[in-house]
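Chain residues, written in single-letter form:
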Amino acid sequence: VTEQLVVTFEAACRLAGDMGTVAFVVDMHGLKPHLNMDLKAMKSAADMLGTIYAARICRITLVDFSRATQALWWMVKPLLAPATRDKFAFLSEAQAKEHLRGLLDEGLCERMCRTLEVNRDPLST
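This text gives an overview of the structure that appears in the document. What you are looking at is a predicted structure, and each value in this text was computed from that prediction instead of being measured.

Quick notes on the state of the cysteines
Each disulfide consists of one covalent bond between the sulfur atoms belonging to two cysteines. Following the criterion strictly, the structure yields zero disulfides and no others. The cysteine Cys-58 is free of any disulfide, with Cys-13 supplying the nearest cysteine sulfur at 11 Å. Residue Cys-58 is classed as partly exposed on the basis of its relative accessible area, which comes to 37%. Cysteine Cys-113 remains unbridged, with the sulfur of Cys-109 as its closest cysteine sulfur at 3.9 Å.

Shown next as structure tokens:
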């Protein structure tokens, strides 16, 4: 998991150029946490994103994150530096679509919104 995250992030940084920043949109719909509980990998990724790549990340948008995890976020949030804390947004699907409309050009926004819809379509694979 960590290696794939690094490869993906490095590719995004190359696309953004030397001075560009990267925004993550993480759709949590249908996530089964018990299948993704490699704590060592999660800690490694968090350490890497929080140190090596911190300045390159401008925004992390988490879509349809569970209420329990959002409650945990509200407990951890005051412990973070404002610059880090302000990079996170927890949004519903509808809020995320509206948020993306304000950030992206029309073509990219439509692709992102369609991806959110496909993730929720029980007939898609």
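Observations concerning helix H1 (residues 2-16)
In this model, H1 (15 residues) spans 21 Å end to end at C-alpha, consistent with the 21 Å of a helix rising 1.5 Å per residue. The set of residues buried in H1 consists of Thr-2, Phe-9 and Cys-13. Looking straight down H1, one finds its buried side chains confined to an arc of 40°; they lie on one side. Across from the buried face of H1, at angles greater than 90 degrees, the exposed residues are Glu-3, Gln-4, Val-7, Arg-14 and Leu-15. Phi turns positive, to about 85°, at Gly-17, one or two residues after H1.

Here's the deal with the packing of helix H5 (residues 93-103) against helix H6 (residues 106-120)
Their axes nearest at 9 Å, the elements H5 and H6 cross at an angle of 165°. The angle between H5 and H6 falls in the class roughly antiparallel. Here the hand of the crossing between H5 and H6 comes out right-handed. Side by side, H5 and H6 meet where Glu-93, Ala-96, Lys-97, Leu-100 and Arg-101 of the first sit next to Cys-109, Met-112, Cys-113, Leu-116, Glu-117 and Arg-120 of the second. Looking at the contact of H5 with H6, its residues break down into six nonpolar, no polar and five charged.

Overview of the nonpolar core
Judged by nonpolar contacts, Phe-9, Cys-13, Val-22, Phe-24, Met-28, Met-48, Tyr-53, Ile-57, Ile-60, Leu-62 and Phe-65 together constitute the single largest core of eleven residues. The set of elements that each furnish at least two residues to this core consists of H1, strand E1 (22-27) and strand E2 (57-63). Here the element with the most residues in this core is E2; it accounts for three residues. Ignoring any residue separated from it by four or fewer positions in sequence, one finds Phe-65 in contact with Met-28, Gln-70 and Phe-90. Grouped together as the second largest cluster of nonpolar side chains are eight residues, Leu-91, Leu-100, Cys-109 and Cys-113 included.

Parameters at a glance
- Numbering of residues starts from 1 in every chain and runs along the sequence as written.
- Totals for whole chains, interfaces and linings use every residue, but because this is a predicted model, local features are given only for residues with pLDDT of at least 70 and side-chain atom pairs only at 80 or more, for both listing and counting.
- Excluding hydrogens and water, the side-chain values take into account all heavy atoms of the structure.
- Here, two cysteine sulfur atoms that lie within 2.5 Å of each other are counted as a disulfide.
- The buried label goes to any residue with under 20% of its type's maximum accessible area, the exposed label to any with over 50%, and the partly exposed label to all in between, with areas taken from a 1.4 Å probe on protein chains only.
- Numbering of helices and strands starts at the N terminus; helices are DSSP runs of H or I of at least 4 residues and strands are runs of E of at least 2.
- Here, expected helix span is obtained from the residue count minus one, scaled by 1.5 Å.
- Here, the arc refers to the directions that run from the helix axis to the C-beta atoms.
- Axis definition: a line fit to C-alpha positions, over the contact stretch in the case of helices; interaxial angles, taken between N-to-C directions, run 0 to 180 degrees.
- Oblique is the label for any angle not covered by the other classes, which are roughly parallel (under 35 degrees), roughly antiparallel (over 145) and roughly perpendicular (65 to 115).
- When the near helix sits turned anticlockwise from the far one by under a right angle, the crossing is termed left-handed; a clockwise turn instead gives a right-handed crossing.
- Pairs of residues are marked as contacts when any of their non-hydrogen atoms sit within 4.5 Å.
- Under the scheme applied here, ten amino acids are nonpolar (Ala, Val, Leu, Ile, Met, Phe, Trp, Tyr, Cys and Pro), four are charged (Asp, Glu, Lys and Arg), and all others, including Gly, are polar.
- Here the nonpolar core consists of buried residues drawn from Ala, Val, Leu, Ile, Met, Phe, Trp, Tyr and Cys, with membership extended through side-chain atoms lying within 4.5 Å.

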